[in-house]
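# Secondary and tertiary structure notes
Chain residues, written in single-letter form:
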Amino acid sequence: MALLDVKNLSIDIHGIRPLDGISFHVDKGEILGIVGESGSGKSLTALSVMGLLPLIGGRIERGTITFDGTELTTLPEPAFRKLRGRRIAFITQNPMTSLDPVMRVGAQIDQVARLHLKLDAKAAQVRSIEIMEKLRIPEAATLYHHYPHQLSGGMKQRIVIAMALAADPDLIIADEPTTALDVTIQAQIIDLLVELVRDRDLALILITHDMGVVAQTCDRVVVLYAGRIAESHAVQAIFANPRHPYTKALIRCIPREDTVPGSLTGIPGAVPSVAHYPSGCRYHPRCARRGPPCDGIVPALDRPMGGGEIACHFPEGMGNVHV
């Protein structure tokens, strides 16, 4: 049984449906990538799993979210509060705004263990410093007493990860965890998350817009576009033979060592506004393969013989894309 199993998830925010029929699962020891451009619904998926939709005026319209046998969509908030942070941890997008600027970073890590593990102040401090050391934070005992403004962006992100680990969760959802960091620090943070999954047998949902990160990190990937799943499969299969035109276009946006300067092309157009999703396939206004069914008929999410899922009237059949 999957640790987290999301089935046919649709949400409503003030009469608008920004997520429509999303399904995926993740097992312990596995890294699932959720990828797509800004506006695809990635962060809303994370908020749905965390039970935080009411904070933005949203609600789950239909579908189920099952975590380790517990149905989360009907879980009362007091029970969810005990689960959130304890067994499901959330790493938000920007470490610069994720920390309380007037509270020492060590105390912020301590809070998680004191709340969920009922540790006293001394035990929580010992645990926090131990976690910081495992995250390769130099001079952890000293840095424990620093304020966020005294730390670099990479160190702030490590503190946020330490907070996520403080209650020893089973699942971590990392929403664009390297967005505000430079390329070198991004690689270090991603390597750190992968190492944690392998060493602790955690499940990790990595939300990103970067297919290069997906290729290097994830076991499976779900490609979202305008609130629907375009394609999902094992990472190797996706990169060896992307079936959906959107998936193929995302992969072609990845720069390679042999890329000729000026030859890298983006995807024409933009993800449509949630208030003005096109009828039929939502990708069709940007798709070079579109045909008569695409603008009026929603493509079914098929499961081809080779595995995975794809929602496209004219899927790609052949051809490799190498990264």
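What you see is a predicted model; the values in this text were computed from it and never measured.

Conventions we followed
- Residues numbered from 1 in each chain as written.
- Predicted model: local features only at pLDDT ≥ 70, side-chain atom pairs only at ≥ 80, totals over all residues.
- Heavy atoms only, no water.
- Helix = DSSP H or I, 4+ residues; strand = E, 2+ residues; numbered from the N terminus.
- Buried < 20%, exposed > 50% of the residue type's maximum accessible area, 1.4 Å probe, protein only.
- Contact = heavy atoms within 4.5 Å.
- Areas by Shrake-Rupley, 256 points an atom, 1.4 Å probe, with all protein chains shown as cover.
- 1 Å grid on protein atoms, 1.4 Å probe; cavity = no way out; pocket = protein on both sides within 12 Å on 5 of 7 lines; lining within 4 Å.
- Points joined across faces, edges and corners; volume = space filled by probe spheres on them.
- Nonpolar A, V, L, I, M, F, W, Y, C, P; charged D, E, K, R; others polar.
- Core = buried A, V, L, I, M, F, W, Y, C linked by side-chain atoms within 4.5 Å.
- Axes fitted to C-alpha atoms, helices over the stretch in contact; angles between N-to-C directions.
- Parallel < 35°, antiparallel > 145°, perpendicular 65-115°, else oblique.
- Left-handed = near helix turned anticlockwise from the far one by under 90°.
- Pairing = 2+ DSSP bridges.
- Polar contact = N/O pair within 3.5 Å; in protein donor to acceptor, adjacent residues only side chain to side chain.
- Salt bridge = Lys/Arg side-chain N within 4 Å of Asp/Glu carboxyl O.

## Quick look at the overall build of the chain
Of regular secondary structure, the chain possesses eleven helices and eleven strands. The principal-axis extent of the C-alpha atoms belonging to the chain is close to 65 × 50 × 35 Å. The 323 residues of the chain split such that 49% are buried. Looking at the chain alone, contacts between residues at least 24 apart form 65% of all its contacts between residues at least 6 apart. Working note: accessible area of the chain is about 14,900 Å², and carbon and sulfur atoms make up 54% of it.

## Some details on empty space enclosed by the protein
Tallied over the full model, the rule gives one cavity of 30 Å³ or more. Approximately 60 Å³ is the volume attributed to the largest cavity. In terms of lining, the largest cavity is formed by His244, Cys281, Tyr283, His284, Cys287, Arg289, Arg290, Cys294, Cys312, His313 and Phe314. Here the residues of the lining of the largest cavity are counted per class, giving six nonpolar, three polar and two charged.

## Points about the nonpolar core
Within soluble globular proteins, side chains that are nonpolar tend to cluster in buried spots. Counting residues in each nonpolar core, the largest one holds 63 residues, and the members touching the most others are Leu135, Ile159 and Ile161. With eight residues, the single largest contributor to this core is helix H8 (residues 183-200). Apart from residues no more than four positions distant in its own chain, Ile161 is found in contact with Ile91, Leu135, Ile189, Leu192, Leu193 and Leu196. Formed by 33 residues, the second largest nonpolar core is a distinct cluster that contains Leu32, Ile34, Ile65 and Leu72.

## Topic: the packing of helix H4 (residues 105-116) against helix H7 (residues 153-165)
Any two packed helices are characterised by the angle at which their axes cross and by the distance between the axes. Axis separation between H4 and H7 bottoms out at 8 Å; the angle between their running directions is 20°. Between H4 and H7, the angle is such that the two are roughly parallel. Our pair here, H4 against H7, has a crossing hand that is right-handed. When H4 is examined against H7, the residues Val105, Gln108, Ile109 and Val112 are found in contact with a partner set consisting of Ile159, Ala162 and Met163. Residue classes in the contact of H4 with H7 are distributed as six nonpolar, one polar and no charged.

## Observations regarding the side chain of Gln108
Tracing the sequence through the fold places Gln108 in helix H4. If sequence neighbours within four positions are ignored, Gln108 has contacts with Leu99, Asp100, Met103, Pro148 and Met163.

## Comments concerning the sheet that holds strand S10 (residues 228-234)
Spatially, the seven strands line up as an open sheet ordered S6-S7-S8-S3-S9-S10-S11, and their pairing is mixed. Of all strands in the sheet, those bounded by a partner on one side alone are strand S6 (88-91) and strand S11 (309-310). As defined by bridge partners, strand S7 (residues 171-175) adjoins strand S8 (residues 203-208) across five bridges and the pair is classed as parallel. Following the sheet pairing, Ile172 is matched in S8 by Leu204. Here H7 sits on the sheet in contact with S6 and S7, set at roughly 170° to S6.

## Overview of the side chain of His244
Locating His244 in the fold gives a position in the loop between helix H10 (235-240) and helix H11 (245-252). Given the relative accessible area of 3%, His244 is considered buried. A distance of 3.0 Å separates the side chain of His244 from the backbone nitrogen of Tyr246, its partner in a polar contact. For His244, the contacting residues outside a window of four places in its chain are Ala230, Glu231, Tyr283, Ile310, Ala311 and Cys312.

## Some points on the pattern of salt bridges
Using the criterion set out here, one finds 21 salt bridges in the structure. Among the ionic contacts, a cluster of salt bridges with common partners joins Arg17, Asp20, Glu61, Arg62, Arg228 and Arg282.

## Quick word on the sheet that holds strand S5 (residues 70-71)
Spatially, the four strands line up as an open sheet ordered S2-S1-S4-S5, and their pairing is antiparallel. Two strands bound the open sheet, and with one partner strand each, they are strand S2 (16-26) and S5. In terms of strand pairing, strand S4 (residues 58-67) meets S5 through two bridges, oriented antiparallel. Looking at S5, one finds that Thr66 is bridged to Glu71. Across the sheet, helix H1 (residues 42-50) is in contact with strand S1 (4-13), S2 and S4; its angle to S1 comes to roughly 110°.

## A few points about H11
The element H11 is largely enclosed, with a buried count of seven among its eight residues. Of the positions making up H11, those classed as buried are Pro245, Tyr246, Thr247, Lys248, Ala249, Leu250 and Ile251. Considering only its buried residues, H11 is in contact with helix H9 (211-217), strand S9 (220-225), S10 and H10.

## Let's talk about the pairing of S10
The buried count for S10 comes to five of seven residues, which makes it a mostly enclosed element. When S9 meets S10, the two strands line up antiparallel, connected through six bridges. Residue Tyr225 lies in a different strand from S10, and its bridge partner there is Arg228. Count of turn residues in the S9/S10 antiparallel hairpin: two residues, of which Ala226 carries a positive phi of about 50°.

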